[in-house]
Amino acid sequence: MSASPPVYRVARVRFERPRPAESLRGPAEDWAAACRDAGLVPWGAFAGLLGLRTDEAFLVAAGEGAGWQLPPFDRAAVTEQADFAPTVRPVEPVPQHTPGVYVFRTFEIAPADLEPFVRLSAEAWESFEHGPGYRAEPRALLRRDAAPGAVAMLLITWYDSLESWARSRTPPPAARENFQRRAALTRWAFPVATRLL
């Protein structure tokens, strides 16, 4: 990767029929190898747990510029994709390897609220990541211009389990205060729980 920020391409793919996550692990490895061969970073392939159709998955790859193509995934068609820029995380595109739950949470905010949204998130994580009773780590906070007057933010957070996700709904007070202030900047948010293939 060059010194310029990479482009993170997030794609939703759909299969001809539902496929168990176990049957997708081999194709996910082949897809990751195809990404590397194309000079891309295979950030991750994710099957749905909650909020994603049973015949769908998410693919995330990082590359330089916007002219590259996402390698195909076995017997899957891209139904939608968007390019995002990193904010405070990730610092560098590193493939995800930790088993667990990855929650993709999309927010819509006003362009003027981008800087405070990112700052409040980063400040909240200082205590959120060390909260008692759960294990969690925000892995990416990405942004893109969604429409005139709107910015889409994509937060991808790792949890060791859905139980940790549930317990993290009551974070330490400092994190909770920042999350409440961030929520006041949010027009809407939509979470999807996935697992890494």
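What this report covers is the structure whose coordinates are included nearby.

Criteria and thresholds
Residues numbered from 1 in each chain as written. Predicted model: local features only at pLDDT ≥ 70, side-chain atom pairs only at ≥ 80, totals over all residues. Heavy atoms only, no water. Helix = DSSP H or I, 4+ residues; strand = E, 2+ residues; numbered from the N terminus. Expected span 1.5 Å × (residues − 1). Buried < 20%, exposed > 50% of the residue type's maximum accessible area, 1.4 Å probe, protein only. Contact = heavy atoms within 4.5 Å. Pairing = 2+ DSSP bridges. Axes fitted to C-alpha atoms, helices over the stretch in contact; angles between N-to-C directions. Parallel < 35°, antiparallel > 145°, perpendicular 65-115°, else oblique. Left-handed = near helix turned anticlockwise from the far one by under 90°. Nonpolar A, V, L, I, M, F, W, Y, C, P; charged D, E, K, R; others polar. Salt bridge = Lys/Arg side-chain N within 4 Å of Asp/Glu carboxyl O.

**Quick word on helix α2 (residues 114-128)**
Right, so step 1: For α2, which comprises 15 residues, the first-to-last C-alpha distance of 20 Å matches the rise-based estimate of 21 Å (1.5 Å per residue) to within 8%.
Right, so step 2: Taken residue by residue, α2 has Leu114, Pro116, Phe117, Val118, Leu120, Ser121, Ala124, Trp125, Ser127 and Phe128 as its buried positions.
Right, so step 3: Those residues of α2 hidden inside the fold are in contact with β5 (101-109), β6 (136-147), β7 (150-159), α4 (173-184) and β8 (186-196).

**Observations concerning the sheet that holds β5**
Right, so step 1: One closed barrel accounts for 8 strands, arranged β1-β3-β2-β8-β5-β7-β6-β4; its pairing is antiparallel. Taking each pair of neighbouring strands and ignoring which way they run, the sheet shows an average axis angle of 35 degrees.
Right, so step 2: Direction of pairing for strand β1 (residues 7-15) relative to strand β3 (residues 56-63): antiparallel, over a ladder of 8 bridges. By the bridge assignment, Tyr8 is partnered in β3 with Ala62.

**Here's the deal with the packing of α2 against α4**
To characterise two packed helices, one gives the angle between the axes of the helices and the distance between these axes.
Right, so step 1: Relative orientation of the contacting elements α2 and α4 amounts to 160 degrees, with a least axis distance of 8 Å. In terms of orientation, α2 lies roughly antiparallel with respect to α4. Of the two elements, α2 crosses α4, and the hand of that crossing is left-handed. In this structure, α2 contributes Phe117, Arg119, Leu120, Ser121, Glu123, Ala124, Trp125, Ser127 and Phe128 to the contact, and α4 contributes Ala174, Ala175, Asn178, Phe179, Arg181 and Arg182.
Right, so step 2: Considering only residue class, the contact of α2 with α4 consists of 8 nonpolar, 3 polar and 4 charged.

**A closer look at the pattern of salt bridges**
Right, so step 1: By the definition in use, this model includes 15 salt bridges.
Right, so step 2: Here Arg9 makes a salt bridge to Asp83, at a shortest N to O gap of 2.6 Å. Placement of the pair is Arg9 in strand β1 and Asp83 in strand β4 (residues 76-86), with a sequence separation of 74 residues.
Right, so step 3: We note a salt bridge from Glu123 to Arg119, for which the minimum N-O separation is 3.9 Å. With Glu123 and Arg119 both in helix α2 and 4 residues apart, this pair spans about one turn of that helix.
Right, so step 4: We classify Arg119 as partly exposed; its relative accessible area is 32%.
Right, so step 5: Among the ionic contacts, a cluster of salt bridges with common partners joins Arg12, Arg14, Arg53, Asp55, Glu56 and Glu80.

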